[in-house]
Amino acid sequence: AILRASDIVVASCVAAGNEALDAAIAGDDGGAPIRFSTVVVDEASQATEPAVLVPIVRGCRQLVLVGDQHQLPPTVCSPEAAAKGLANTPLVRLLRAGIQPLSLTAQYRMDPSIMAWPNR
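From a predicted model like this one, the values you see are computed outputs, not experimental measurements. (Residues numbered from 1 in each chain as written. Predicted model: local features only at pLDDT ≥ 70, side-chain atom pairs only at ≥ 80, totals over all residues. Heavy atoms only, no water.)

1. Let's talk about the side chain of Arg58
Counted only if it meets this: Here a helix means four or more residues in a row that DSSP labels H or I, a strand means two or more in a row labelled E, and each is numbered from the N terminus. Think of a polar contact as two N or O atoms within 3.5 Å of one another; within protein, one of them needs to be a possible hydrogen donor and the other a possible acceptor, and neighboring residues in sequence only count if both atoms come from side chains. Only heavy atoms enter the contact rule, under which two residues are in contact if any of them lie within 4.5 Å.
Examined against the element boundaries, Arg58 turns out to sit in the loop between α3 (49–56) and β2 (62–65). Engagement of the side chain of Arg58 in a polar contact is seen with the backbone oxygen of Ala16, the distance being 2.9 Å. Not counting residues up to four positions away in its chain, the partners in contact with Arg58 are Ala16, Gly17, Asn18, Asp22, Ile25, Arg35 and Phe36.

Okay, structure coming up:
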């Protein structure tokens, strides 16, 4: 009932596979099946492709990947898994394919004095 009454649902990529979401998406909770038309993935430069696929397959028509590909990559503990591509992110894959990113021109999250400190 809470999911159906919500305009926005916030979850980690993996938590988007939650049983309650599965039931609402399938309509198994007594209501019509629901779809999430827009999926926003924050810190997308740290999210592996399998993790990002979890929310995408929920009926996503628009995907917004937010992140900085020059910051931390995903944590993949297995060198073999990383070598076979698990360390790839959808953000980096799309950038390599030529998708043009939109970049912020103003910093809104950090006080200017804190932002200036590492640049001294």
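Continuing now.
2. Points about the pattern of salt bridges
The condition that has to hold: Within this document, salt bridges are pairs made up of a side-chain nitrogen of Lys or Arg and a carboxyl oxygen of Asp or Glu, the two lying within 4 Å of each other. Only protein chains enter the area calculation, which uses a 1.4 Å probe; residues under 20% of their type maximum are buried, those over 50% are exposed, and those in between are partly exposed.
Under the defined criterion, the tally for this structure stands at three salt bridges. The closest approach of N and O atoms between Asp22 and Arg58, which form a salt bridge, is 2.8 Å. Here Asp22, found in helix α2 (residues 19–26), pairs with Arg58, found in the loop between α3 and β2; they are 36 residues apart in sequence, far enough to count as distant. Given a relative accessible area of 32%, Asp22 falls into the partly exposed group. Residue classification places Arg58 among the buried positions, given a relative accessible area of 14%. Here Glu49 makes a salt bridge to Arg93, at a shortest N to O gap of 2.4 Å. Placement of Glu49 in helix α3 and of Arg93 in helix α5 (residues 90–96) is noted, with a sequence separation of 44 residues between them.

3. Re the nonpolar core
What counts is decided by this rule: Here the nonpolar core consists of buried residues drawn from Ala, Val, Leu, Ile, Met, Phe, Trp, Tyr and Cys, with membership extended through side-chain atoms lying within 4.5 Å.
In terms of nonpolar packing, the biggest core is built from nine residues, these being Cys13, Val39, Val41, Ala44, Ala47, Ala51, Val52, Leu65 and Leu91. In this structure, Ala44 is in contact with Leu65, Val66, Gly67, Thr89 and Leu91, ignoring residues within four places of it in sequence.

4. Some words on the confidence of the model for the chain
Counted only if it meets this: You can read pLDDT as the predictor saying how much it trusts each residue, on a scale of 0 to 100.
For the chain, mean pLDDT is 87; residues scoring 70 or higher make up 99% of the total. Within the chain, β2 carries the highest mean pLDDT (94), whereas helix α1 (residues 2–5) carries the lowest (80).

5. Some remarks on the pairing of strand β1 (residues 38–41)
Here is the rule we go by: Strands pair, by our definition, only if DSSP identifies at least two bridges between them. Look down the strands so they point away from you; if the path from the first strand over the helix to the second goes clockwise, the crossover is right-handed.
Covered by surrounding structure in β1 are Val39 and Val41 only, the residues Thr38 and Val40 on the alternate face being uncovered. Where β1 meets β2, four bridges bridge the pair, whose relative direction is parallel. Within β2, the position partnered with Val40 by the bridge is Val64. Handedness of the β-α-β unit built from β1, α3 and β2 comes out right-handed.

6. Some details on α2
Where we set the bar: This arc corresponds to the set of directions leading from the helix axis out to the C-beta atoms.
Of the residues making up α2, those classed as buried are Leu21, Ala24 and Ile25. Along α2, the residues classed as buried sweep out an arc of 100° about the axis, all on the same side. You can read the cap of α2 off the contacts: a side-chain oxygen lies 2.6 Å from the backbone nitrogen of Ala20, and it is on Asn18. Of the residues trailing α2, Gly27 is marked for its positive phi of about 80°.

7. Thoughts on a nonpolar patch on the surface
For the record, the criterion: Patch building starts from residues that exceed 30% relative accessible area and form no salt bridge, then joins like charges within 9 Å and nonpolar side chains (Val, Leu, Ile, Met, Phe, Trp, Tyr) within 5 Å. Only the protein chains shown count as cover for residues, and the accessible areas themselves come from Shrake-Rupley with a 1.4 Å probe.
Judged by side-chain polarity, Val40, Val64 and Val66 come together as a nonpolar surface patch covering roughly 210 Å² of accessible area. When you line up the elements, Val64 lands in strand β2. When its relative accessible area of 30% is taken as the criterion, Val64 is described as partly exposed.

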